[in-house]
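Survey of secondary and tertiary structure
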Amino acid sequence: MMSKTVWAGKFLTVQTEGTWEFAARQGEIAAAVIVAIDEGDVILVEQFRVPLGRACLELPAGLVGDETAGESVAVAAGRELEEETGYRADAIEDLGVFYSSPGMTSECFTLVRATGLTKVSDGGGDGDENITVHRVPLADVPAFVAEKRKAGVAIDTKMLLILAGSIL
């Protein structure tokens, strides 16, 4: 059975196939999610997310190939890490491809680990992103997440990676 495109935007399409309705990334755009740990602290970001109508606590992340066709995941991850957090990484390690919500979207992301971090700017994103950077000791992450949740901040599902501690 072939998918039918119901709507197409710059980066997403909404498609149907049989009784399924789902979102799909447009073209060759991919995503990188960055686990950046420095001296026992994890670097997190908080930013307003329009679909949620509130701020969300997340791992730094960004699109691959949205600015330069053929961009590698490592280059995009390094660019996004520096742009969002102000940290530059000496090394970016590919940890594999994961699917964010396979019952609703075809979107996937490559998880990377950034090491050898150097603070080179304040970060905060570009344009109107208005990103708040948090440097949190790994041992304090569960309490930090609980505090943010209590304050009404949404928690991105990828934060489970840090809470579970299996990729550190």
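Quick summary incoming for the structure in this document. (Residues numbered from 1 in each chain as written. Predicted model: local features only at pLDDT ≥ 70, side-chain atom pairs only at ≥ 80, totals over all residues. Heavy atoms only, no water.)

Formed by 18 residues in total, the largest nonpolar core has its most connected members in L44, L57, L59, V141 and M159. Secondary structure elements with two or more residues in this core: β4 (30-38), β5 (41-49), β9 (108-119), α2 (141-150) and α3 (159-164). Grouped together as the second largest cluster of nonpolar side chains are 12 residues, I34, I43, A76 and V112 included. (Core = buried A, V, L, I, M, F, W, Y, C linked by side-chain atoms within 4.5 Å. Buried < 20%, exposed > 50% of the residue type's maximum accessible area, 1.4 Å probe, protein only. Helix = DSSP H or I, 4+ residues; strand = E, 2+ residues; numbered from the N terminus.)

Another point: the sheet that holds strand β1 (residues 4-8). Pairing is antiparallel across the open sheet formed by 3 strands, whose spatial order is β1-β2-β3. At either margin of the open sheet sits one strand with a lone partner, and together these are β1 and β3 (20-25). Adjacent strand axes in the sheet meet at a mean angle of 30 degrees when their direction is disregarded. (Pairing = 2+ DSSP bridges. Axes fitted to C-alpha atoms, helices over the stretch in contact; angles between N-to-C directions.)

Relative to the 18 Å expected for 13 residues at 1.5 Å per residue, helix α1 (residues 73-85) spans 17 Å between its end C-alpha atoms, a close match to the ideal helical length. Listed as buried for α1 are A76, A77, R79, E80, L81, E83, E84 and T85. Where α1 is buried, its residues contact β4, β5, β7 (61-64), β8 (87-99), β9 and β10 (132-137). In the segment just after α1, G86 is the residue with positive phi, at about 85 degrees. (Expected span 1.5 Å × (residues − 1). Contact = heavy atoms within 4.5 Å.)

It is worth stressing that arrangement in space is one thing and function is another; only the former is reported here.
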